[in-house]
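Each chain is listed here by its residues.
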Amino acid sequence: MQTQDKVTDKQLTDEQSREIAETIREELARRRISRQALAEQAKLSLSTLEKVLGGRRPFTLATTVRLEQALGVSLRRSAVMVTPLAASDVAPDSLGSYAHRAVTWLEDVYVTLRPSFGDKDAIFAYRTEIVWEPKVSSLVFREGDRTDAAYEHTGEVAVPHQSGFIYLVIIKHGQHRVITVSRPTVSGEMYGIISTLRAGPGSQLTPIAAPIAYVPLRNIPNPSLGRVAPDDGNYALYRKHLRRTVEESFALFLPA
């Protein structure tokens, strides 16, 4: 036990501490969360977090691991090596090589919101669950409660460290559908862009991109699913989430 304590209490070098502090500041700015919120998620005192971010105290391995688990990203580039996790707990490189314990904060049930492709005034809402799937050693997402059940999808979740975004990907018979969203806000929402095909008359398909939002189910007391019209009680809330995608620059749509 004493040997383990010495390992986890080991101080990182000044260079390693500067790299980690810079990465954390970037993550805080990208996700729009406060240092207080991060300290609470990592079970650290705000004073400790302020000191390590300000360079007044070096990072320890224990503190670094807690912050990695809270943020779901690897903070150590040239930092000390730790015992690797079992292969079944690590996603493949093509999905970001993330460890299960580092992305548990993504596992949830979400109400998924996007504009209706068939009615310009309506919002299409359905349920999406993100869970760890041991058989493929990665997070997967499963859609449900769609009024167009034939188009319910299941796919893989990529969480690369470099970009700071999350990708929900479907590749089926060579066809691709990609959803790119931000990491969750402090209240758990994710915002971004869906790029897919819209079904038209007969066999006609048209490429389409639209804003999309994932809102934790627990944040909506009585969610409306399906095609949500302007007279629905949740319409204003849903529209607010979709507008937040572009109004707060989670995603940009450029004019032609």
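Not measured: the values here are computed from a predicted model.

What about the pairing of strand 6 (residues 175-182)?
Inspection of the sheet shows strand 5 (residues 165-172) paired to strand 6 by 8 bridges, in the antiparallel sense. Within strand 6, the residue paired with Lys 172 across the bridge is Gln 175. Taking the residues between adjacent antiparallel strands as the criterion, strand 5 and strand 6 are bridged by 2 residues, where His 173 takes a positive phi near 55°. Relative to strand 7 (residues 190-199), strand 6 runs antiparallel, the two being bridged by 4 bridges. Across the sheet, Val 178 pairs through a bridge with Ser 195, a residue of strand 7.

Things to note about the confidence of the model for the protein
Per-residue pLDDT for the protein averages 86, and the proportion of residues at 70 or more is 91%. pLDDT under 50 marks residues 1-8. Its contacts with residues more than four places away, or in other chains, come to 4 contacts. Every residue in residues 78-87 scores below 50 in pLDDT, and together they form 14 contacts with partners more than four places removed in sequence or on other chains.

Some thoughts on the packing of helix 3 (residues 35-42) against helix 5 (residues 61-71)
The interhelical angle for the contact between helix 3 and helix 5, taken along N-to-C directions, is 105°, at an axis separation of 8 Å. By the angle between their axes, helix 3 is roughly perpendicular relative to helix 5. Along its contact with helix 3, which presents Leu 38, Gln 41 and Ala 42, the element helix 5 presents Arg 66, Leu 67, Ala 70 and Leu 71. Of the residues assigned to the contact of helix 3 with helix 5, the class counts are 5 nonpolar, 1 polar and 1 charged.

The rules behind these values
- Residues numbered from 1 in each chain as written.
- Predicted model: local features only at pLDDT ≥ 70, side-chain atom pairs only at ≥ 80, totals over all residues.
- Heavy atoms only, no water.
- Pairing = 2+ DSSP bridges.
- Helix = DSSP H or I, 4+ residues; strand = E, 2+ residues; numbered from the N terminus.
- pLDDT = per-residue confidence, 0-100.
- Contact = heavy atoms within 4.5 Å.
- Axes fitted to C-alpha atoms, helices over the stretch in contact; angles between N-to-C directions.
- Parallel < 35°, antiparallel > 145°, perpendicular 65-115°, else oblique.
- Nonpolar A, V, L, I, M, F, W, Y, C, P; charged D, E, K, R; others polar.

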